[in-house]
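Structural characterization, general
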Amino acid sequence: PLLQNLSTQPSTEQLRQLPIALTELSLISRGKGQLQLNLAALQHQIQAGGETSFDFYLKNQGSSAVNNISFSAERPLGWELSYTPALLSKLEVGQEQKINVLIRNSVAAIAGDYEFRLKTEAFTASRPLLVEDKIVRVLVQKDFNLVPLLMMLLLFVLVVVLILYVGRKVRI
C-alpha cells in the first residue's frame with residue numbers, strides 16, 4: 001500500500017518512511033593507469049666488446065597516475081644492461097618520460113643476433129599494472145682483423161717460393 005502512493009521516482013524522504021532498510025552508496029572513481037612504451041628502433045648493432053645505447057619513451061595514457069615504475073630485462077649471459085633512470089616514483093596522466101638503455105657485451109662475444117626482453121613493472125591505485133614487454137634485438141659484428149689475412153697471404157707466398165726453390169734444385 002505504501003508503494004502505491006509513491007511517484008515514479010521516490011524522494012529520499014518518501015523512502016525513509018517505508019518500513020525497509022535504507023543504505024546510501026557512493027561511487028569513488030579511481031581511474032586506471034596505462035603505460036605505453038615507444039621505441040624508435042627494435043634492432044641495434046654493436047661491435048664485440050663494445051656498447052650501444054638507445055632511448056625509449058614511456059607515456060601514461062590512462063586516467064590515473066602510475067607509481068613505482070621499475071625496469072628489468074632478460075638478457076644473454078655475460079651481457080650488461082642498465083636503465084637511466086632506473087626507477088620512476090610517479091608518472092602523471094599524459095606525462096611522458098625518456099628512458100635511456102645502455103647495453104654492453106664482452107670482448108669474447110660471438111658474432112650473431114641476440115635478443116633482450118625489456119620489462120616494466122608499475123602500480124596504479126595500489127594494484128600491479130600489466131605492461132607489455134618489448135623485445136629488442138642486438139646484432140654483434142666482429143671487427144675485421146687484417147692480421148690473420150696478411151699471415152695467410154705471407155704463408156701462401158712462402159709456400160710458392162719454397163716450391164719454386166726446391167723445384168729448381170731438383171732439376172739441376
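Refer to the preceding data block for the structure.
The structure displayed is predicted, hence computed values, not measured ones.

**A word on the nonpolar core**
- Membership of the largest hydrophobic core comes to 29 residues, with the highest contact counts inside it found for Leu35, Ile69 and Tyr83.
- Of all the secondary-structure elements, those providing two or more residues to this core are β1 (35–39), β3 (51–60), β4 (66–74), β5 (80–84), β6 (87–91), β7 (96–104), β8 (112–124) and β10 (134–141).
- Here this core takes four residues from β4, the largest share from any one element.
- If we ignore the near neighbours within four places in the chain, the residues touching Tyr83 are Phe56, Phe71, Ser72, Ala73, Ile99, Asn100, Val101, Leu118 and Lys119.

**Here we look at the pattern of salt bridges**
- Counted by the stated rule, this structure contains eight salt bridges.
- Between Arg104 and Glu51 there is a salt bridge, and its shortest N-O distance comes to 2.8 Å. One end of the pair, Arg104, is in strand β7; the other, Glu51, is in strand β3, with 53 residues separating them in the sequence.
- A salt bridge links Lys90 to Glu92, with the shortest nitrogen-to-oxygen separation between them at 3.4 Å.
- A cluster of three or more residues bridged by salt bridges with shared partners is formed by Glu51, Glu80 and Arg104.

**What to know about the pairing of β3**
- Side-chain alternation along β3 places Thr52, Phe54, Phe56, Leu58 and Asn60 on a buried face and Glu51, Ser53, Asp55, Tyr57 and Lys59 on a face that remains uncovered.
- Both β1 and β3 contribute to a ladder of five bridges, which runs antiparallel. Directly across from Gln36, in β3, lies its bridge partner Lys59.
- Pairing of β3 with β7 involves nine bridges; the strand directions are antiparallel. Paired with Tyr57 across the two strands is Lys98, which belongs to β7.

**Topic: the sheet that holds β5**
- If you walk across this open sheet you meet the four strands as β1-β3-β7-β5, and the pairing is antiparallel. Of all the strands in the sheet, just β1 and β5 have a single pairing partner and so form its edges. Shown here is a sheet whose adjacent strand axes are inclined to one another by a mean of 25 degrees, direction ignored.

**Structural notes on a nonpolar patch on the surface**
- Together, Leu146, Leu149, Leu150, Leu153, Phe156, Val157, Val160, Val161 and Leu164 make up a nonpolar patch on the protein surface, roughly 860 Å² of accessible area in all.
- Tracing the sequence through the fold places Phe156 in helix α2 (residues 146–171).
- The class of Phe156 is exposed, set by a relative accessible area of 55%.

Criteria and thresholds
Numbering of residues begins from 1 in every chain and follows the order in which that chain's sequence is written. In view of the model being predicted, local features appear only for residues whose pLDDT reaches at least 70, and side-chain atom pairs are presented and counted only at 80 or more, with totals across whole chains, interfaces and linings using the full set of residues. Think of the side-chain values as coming from all heavy atoms in the structure, minus any hydrogens and water. Grouping buried Ala, Val, Leu, Ile, Met, Phe, Trp, Tyr and Cys residues that are joined through side-chain atoms within 4.5 Å yields what is termed a nonpolar core. Exposure is judged per residue with a 1.4 Å probe applied to protein chains only, and the accessible area is read against the type maximum: over 50% gives exposed, under 20% gives buried, and values in between give partly exposed. Helix and strand definitions here come from DSSP, where helices need a minimum of 4 consecutive H or I residues and strands a minimum of 2 consecutive E residues; each element is numbered from the N-terminal end. Contacts between residues were defined by any pair of non-hydrogen atoms, one from each residue, lying within 4.5 Å. Between Lys or Arg on one side and Asp or Glu on the other, a salt bridge is scored when a side-chain nitrogen of the former is within 4 Å of a carboxyl oxygen of the latter. Strand pairing follows a simple DSSP-based rule, namely that at least 2 bridges must link the two strands. Angles shown run from 0 to 180 degrees and are taken between the N-to-C directions of axes, each axis being a line fitted to C-alpha atoms and, for helices, limited to the stretch in contact. Patch building starts from residues that exceed 30% relative accessible area and form no salt bridge, then joins like charges within 9 Å and nonpolar side chains (Val, Leu, Ile, Met, Phe, Trp, Tyr) within 5 Å. Surface accessibility follows the Shrake-Rupley procedure with a 1.4 Å probe radius. Residue values consider only the protein chains on display as shielding.

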